[in-house]
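Coordinate analysis (summary)
So the chains spell out like this:
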Amino acid sequence: MEKNAKRRVALVSGDAEFAREARAAFAQSDRIDIHLINRPLAELRGEIQESDCAAAVLDIDATKLEDLEALQRLMRRLDGRIPVIAAANDINAAAMRILVQIKVADFLVKPVTTADLVRACERALEGPSREESRESQIHVFMPTAGGVGNTVLALEAAYQLHRASAARGATTCVVDLNLQHGACAEYLDLEPRFQIHELQNRPDRLDRQLLDVMLAKHKSGLSVLAAPIQPAEMGSFNADLVVRMLDLVSAYFDHVVIDMPRTWFAWTDTVLLGADKLYLVTNMTVPCLRHTQRLIGTIHEAVGKEVRPQVIVNRFEQKRQSGGVTARDVETTLGEHYAGPVANNYRLVREAVDRGVPLQEVDARADVVTSLGRIVLPREAEPQARSRSWLSFNWKGLRRAG
């Protein structure tokens, strides 16, 4: 193919308005030519392969099982030979799981703007850049109850991962998804810079340059993405913005550590599905262990058993208090989900928080530091990051155009 020759993108859609807008979007393009296939997705018999296209945009009804099944069959037939972009009026949690599993290159929510469609097609045709093709490791920390120490452990885990890999040039970012009451920036004595309200209705504005402006940098080398605290406000933030933000972060950092809120939002399923490691943080009390069991069940119901939560028991006490929970009780209750204990060291934690530094900078050999390290640091025998192609989590694959 000549260097400046147009590349064909197949558009499978029975939506006349969408087809008209797509044709108009590329009418003056010297790089992309739209080839319309006006047939239902379930009735395709090889038209995409025969069209000699370099990418495909599939207009689906994500609320219909037959459309999702047809999409899965088509993706198996294409076998990764061309990138596929899915477009739909609505994408619910069940549809999102399928899109994650079949590894579409991108997805768009209709009505689609001309700019979004053009950018999505151009990015799909270009393929991932060398920087974006790196597989980041996503570590998600989720509390089972209030006050279990989730933020402290997430920050310490991020610091240990950073220290263990910085010599290889690896980078680490902490993302505080407690978007209204987060404490990550406070605990490290940083100014939270993620101005989420400015982007709430325009997630496409968030790009690499704006992300750099909104990142706070700690002297330890950690980057922190956190929003200013809004104690008087409560609301559910745009899922598109959360996904776009995580898309960018995971594209540019080797390790991403996410501090999750207790509240379940519309985007929670997506974050859990993208995790390489999902840690549930709990305490050694009967109510906390009960909460943990319920949360594991909720996660399995919401996103399936392919997500395997690992439970960290924080503030672990080896000695049994009168009538209290024992180590054996914890192991029996949590079973295969038990990742291990983290020692109780309130004095050290309080000093680290007051100084705005990770625990390891106060005492690298402290029990709380070493016990967490045994859980979160990779072992030689562990497999490398799985190859993903989704929200570049791959939030690198199902990335929003923009």
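Residues numbered from 1 in each chain as written. Predicted model: local features only at pLDDT ≥ 70, side-chain atom pairs only at ≥ 80, totals over all residues. Heavy atoms only, no water.

What follows covers the overall build of the protein. The helix and strand tally for the protein stands at 16 helices and 13 strands. Within the protein, buried positions represent 55% of all 402 residues. Within the protein, contacts between residues at least 6 apart in sequence are counted, and of these 77% link residues at least 24 apart. (Helix = DSSP H or I, 4+ residues; strand = E, 2+ residues; numbered from the N terminus. Buried < 20%, exposed > 50% of the residue type's maximum accessible area, 1.4 Å probe, protein only. Contact = heavy atoms within 4.5 Å.)

On to helix α6 (residues 150-165), then. Its 16 residues place the ends of α6 23 Å apart at the C-alpha level, agreeing with the 22 Å of an ideal helix rising 1.5 Å per residue. Most of α6 is tucked away, with 14 of its 16 residues classed as buried. (Expected span 1.5 Å × (residues − 1).)

This part takes up helix α1 (residues 16-25). Residues F18, A19, A22 and A25 constitute the buried set of α1. For α1, the angular spread of buried residues about the axis comes to 125°, placing them on one side. Those residues of α1 that are buried are in contact with β1 (7-12), β2 (32-37), β3 (55-59), β4 (84-88) and α5 (114-126). (Arc of directions from axis to C-beta.)

Another aspect to go through is the sheet that holds strand β5 (residues 106-109). Read across the sheet, 5 strands follow the order β2-β1-β3-β4-β5 without closing on themselves; strand pairing throughout is parallel. Of all the strands in the sheet, just β2 and β5 have a single pairing partner and so form its edges. Averaged over all pairs of adjacent strands, the angle between strand axes in this sheet comes to 20°, irrespective of strand direction. Two elements, β3 and β4, share 4 bridges in a ladder whose sense is parallel. Within the sheet, the bridge partner assigned to L58 lies in β4 and is A86. Most of the contacts of α1 go to β2, to which it runs at about 160°, and overall it touches β1, β2, β3 and β4. (Pairing = 2+ DSSP bridges. Axes fitted to C-alpha atoms, helices over the stretch in contact; angles between N-to-C directions.)

Reading fine detail from the predicted coordinates is not recommended where pLDDT is low. For the protein, the mean per-residue pLDDT works out to 84, and 88% of the residues sit at or above 70. Below pLDDT 50 for its whole length, residues 380-402 participates in 109 contacts with residues either more than four positions away or in separate chains. (pLDDT = per-residue confidence, 0-100.)

The subject of this paragraph is the side chain of D259. Along the chain, the position of D259 falls in strand β10 (residues 255-259). Despite its burial, D259 pairs with no opposite charge, the nearest such side chain being R262 at 11 Å. A distance of 2.6 Å separates the side chain of D259 from the side chain of T151, its partner in a polar contact. Among all residues touching D259, those that are not within four sequence positions of it are F141, N150, T151, A154, V175, D176, L177, N178 and C184. (Lys, Arg positive; Asp, Glu negative; His and termini not counted. Salt bridge = Lys/Arg side-chain N within 4 Å of Asp/Glu carboxyl O. Polar contact = N/O pair within 3.5 Å; in protein donor to acceptor, adjacent residues only side chain to side chain.)

One pass over the structure, following the stated rule, counts 2 aromatic pairs. Between F265 and W267, the ring centres sit 5.1 Å apart and the planes meet at 15°, which makes this aromatic pair stacked. Each member of the pair, F265 as well as W267, is classed as buried. (Phe/Tyr/Trp six-rings, centres within 6.5 Å; stacked < 30°, edge-to-face > 60°.)

Mapped onto the fold, L58 is located in strand β3. For L58, a relative accessible area of 1% puts it in the buried group. For the pair L58 and V84, spaced 26 residues apart in the sequence, the C-alpha separation amounts to 7.2 Å. Non-local contacts of L58, meaning those with residues more than four positions away in its chain, are made with V12, L41, I48, L71, L74, V84, I85, A86 and A87.

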